[in-house]
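If you want the building blocks of each chain, they are given just below.
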Amino acid sequence: MSNLSNQLNNKNNHRTSLNLKQDFLEASPYYDQSAVVTNTYKNKAPFTGKVVSTKRIVGPKATGETCHIIIDHNGDFPYWEGQSWGVIPPGTREKDGKPHAVRLYSIASSRYGDDMTGKTGSLCVRRATYWCPELQAEDPAKKGICSNFLCDTEPGAEVQMTGPAGKVMLMPEEDPKTDYIMVATGTGIAPFRGFVRRLFFEDTPAASAYKGEAWLFLGVANSDALLYDDEFQDAKARFPDNFRIDYALSREQENKKGGKMYIQDKVEEYADEVFTKLDNGAHIYFCGLKGMMPGIQDMLAEVCKSKGLEYDEWIKGLKAKKQWHVEVY
C-alpha cells in the first residue's frame, strides 16, 4: 500500500517542482458541467486502453484481494471525477459463444490520473471468487470473469473499454463552501479517492477555491482491508479543517449495541452533525455493494423518527435539491 503512495508522491513532488498546474482539463468556468460527456465509446466500438501497472493494495489479513490498476488512455478517453468506465473482458461466454457483457467500474483517479498527465485513469477492483461449501474450496469455474482478468493483467495488456458512464456522482463545484459526505464500502471508495485527489492533492482551480469540508466514511472488514489509507491520512494531516475520515471496521470494532461495526453504525454515531450539514446544503454520496443501502436507509429512518421528521419527505427533499447521490452495484 505504501509503495503505491510513494510511487504517486514521487511523481507528485516531481510535478510540483516543475510547477505544472492541473488546469488543462477544466471546463470554463471549471464548475460548468454542461459539457460532461458520456458514452464516447460503446460496446460495438470500444476504446483500447493499455495497462501501466497492476498492484495489490491490501494487507495479508484482508478479506479477499483488491488491486489498483492504472490504464493508459493517451488522453483520448477523458472523464470527470465520479464517472465510471466499462470493461469488456476478453473471450466469449460459454453458454452461447457471445462476447462477455460490459462491467462498470467507478474510476478511482481524478481526471488527471495518478501521474497527473491527463493520460491515465485508475480502477480499484476486488477479485471476485466463489467459495463452494461442498468442495470447501474456491470454485474457479464460478470466479468473476472481469475482476479476475483485471487483477491478473500485466503492464502492456490491452483492455477493451466503454464509457465514460454516469453523471449521478459528479461533485457540484460551483459553491466552494459545499460540504461533501462520502459513504463507501470496499471498492466503493473509488470515486471518493478521485474527489480527494482533486481537492487536496492537485493544483486545480477546484482545490484552490475549496473552503468546505469533505468527510469520508469507509466500511471494510479489518485494518488490512483499508484502501488508500496513507493518501487519506496525508490529506487529513495537510488539511485538518477541510478533510475528515471515519472508518467502520466490522471485524475489529463494536457498535453501541455490542454488535459488529458496520458503515451505518459509524454514520449514526455522527447523526446530528450529518443531518445538520445536510440541512445546510451538504451533498451526500453512497458507493459500494447495493447490500449497504437497506441498513443505511433503516438507520436514517430511525434518526428521522427521533427528530420528528418524516423519512420519505426528508429523502424526497434531498433528492429534489440534488444533494443525494447513490451508485451501488
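Scroll up for the structure.
Reading the values: rules and limits
Residues numbered from 1 in each chain as written. Predicted model: local features only at pLDDT ≥ 70, side-chain atom pairs only at ≥ 80, totals over all residues. Heavy atoms only, no water. Helix = DSSP H or I, 4+ residues; strand = E, 2+ residues; numbered from the N terminus. Contact = heavy atoms within 4.5 Å. Pairing = 2+ DSSP bridges. Axes fitted to C-alpha atoms, helices over the stretch in contact; angles between N-to-C directions. Left-handed = near helix turned anticlockwise from the far one by under 90°. Nonpolar A, V, L, I, M, F, W, Y, C, P; charged D, E, K, R; others polar. Polar contact = N/O pair within 3.5 Å; in protein donor to acceptor, adjacent residues only side chain to side chain. Buried < 20%, exposed > 50% of the residue type's maximum accessible area, 1.4 Å probe, protein only. Salt bridge = Lys/Arg side-chain N within 4 Å of Asp/Glu carboxyl O.

*Asks:* Requested: an account of the side chain of His283, with residues and values cited.
*Replies:* Summarising the element assignment, His283 is placed in strand β12 (residues 283-288). Discounting chain neighbours no more than four positions away, the residues touching His283 are Pro172, Thr178, Asp179, Tyr180, Ile181, Lys322, Gln323 and His325.

*Asks:* Could you give an account of the sheet that holds strand β9 (residues 180-185), with specific residues and numbers?
*Replies:* As a general point, the strands of a sheet are linked pairwise by backbone hydrogen bonds and lie either parallel or antiparallel. Read across the open sheet, the 5 strands follow the order β11-β10-β9-β12-β13; overall the sheet is parallel. The open sheet has two free edges, formed respectively by β11 (243-249) and β13 (324-328), since each of these has just one partner strand. Strand-to-strand twist across the sheet, computed as the mean angle between neighbouring axes with direction ignored, equals 10 degrees. Pairing analysis gives 5 bridges linking β9 to β12, with the strands arranged parallel. When the sheet's bridge partners are listed, Ile181 is paired in β12 with Ile284. Packed onto the sheet, helix α5 (residues 229-238) meets β10 (214-220) and β11 and runs at close to 145 degrees relative to β11. Packing against the sheet, helix α8 (residues 292-306) makes contact with β9, β12 and β13, and its axis sits at approximately 150 degrees to β13.

*Asks:* Give me the lowdown on the packing of helix α3 (residues 190-200) against α5, citing residues and values where you can.
*Replies:* At a minimum axis distance of 11 Å, the contact between α3 and α5 shows a crossing angle of 35 degrees. Here α3 and α5 pass one another in a crossing that is left-handed. Contact residues: Arg193, Val196, Arg197 and Phe200 in α3; Glu231, Phe232, Ala235 and Arg238 in α5. Across the contact of α3 with α5, the residue classes break down as 4 nonpolar, no polar and 4 charged.

*Asks:* Hey, could you go over the side chain of Arg193 for me, with residue numbers and the actual values?
*Replies:* Note on placement: Arg193 falls in helix α3. In this structure the side chain of Arg193 is engaged in a polar contact, spanning 2.9 Å, whose partner is the side chain of Asp114.

*Asks:* Report on the pairing of strand β5 (residues 120-126), specifying residues and quantitative values.
*Replies:* Burial analysis of β5 places 6 of its 7 residues in the buried class, the great majority of the element. For strand β2 (residues 66-72) and β5, the ladder comprises 7 bridges, and the chain directions are antiparallel. By the bridge assignment for β5, Ile71 is matched with Gly121.

*Asks:* Run through the pattern of salt bridges, naming residues and quoting values.
*Replies:* As enumerated under the stated definition, the model contains 24 salt bridges in all. The closest approach of N and O atoms between Arg198 and Glu81, which form a salt bridge, is 3.9 Å. Of the two residues, Arg198 is situated in helix α3 and Glu81 in the loop between β2 and β3 (84-88); the sequence distance between them amounts to 117 residues. Glu81 shares its class with Arg198; the two are buried. With a closest N to O distance of 2.7 Å, Glu173 and Arg198 form a salt bridge. One end of the pair, Glu173, is in the loop between β8 (158-165) and β9; the other, Arg198, is in helix α3, with 25 residues separating them in the sequence. One exposure class covers both Glu173 and Arg198, and it is buried. Each member of the salt-bridge network shares a partner with another, and the members are Glu26, Glu81, Arg111, Glu173 and Arg198.

*Asks:* So what's going on with the sheet that holds β5? Residues and values would help.
*Replies:* Reading across from one edge, β4-β3-β8-β1-β2-β5 is the order of the 6 strands in this open sheet, with antiparallel pairing throughout. Either end of the sheet is taken by a strand with one partner, and the two such strands are β4 (103-106) and β5. Across the sheet, the axes of successive neighbouring strands diverge by a mean angle of 40 degrees, strand direction being ignored. Across 4 bridges, the pairing between β3 and β4 is antiparallel. Bridging across to β4, Gly86 finds its partner in Leu104.

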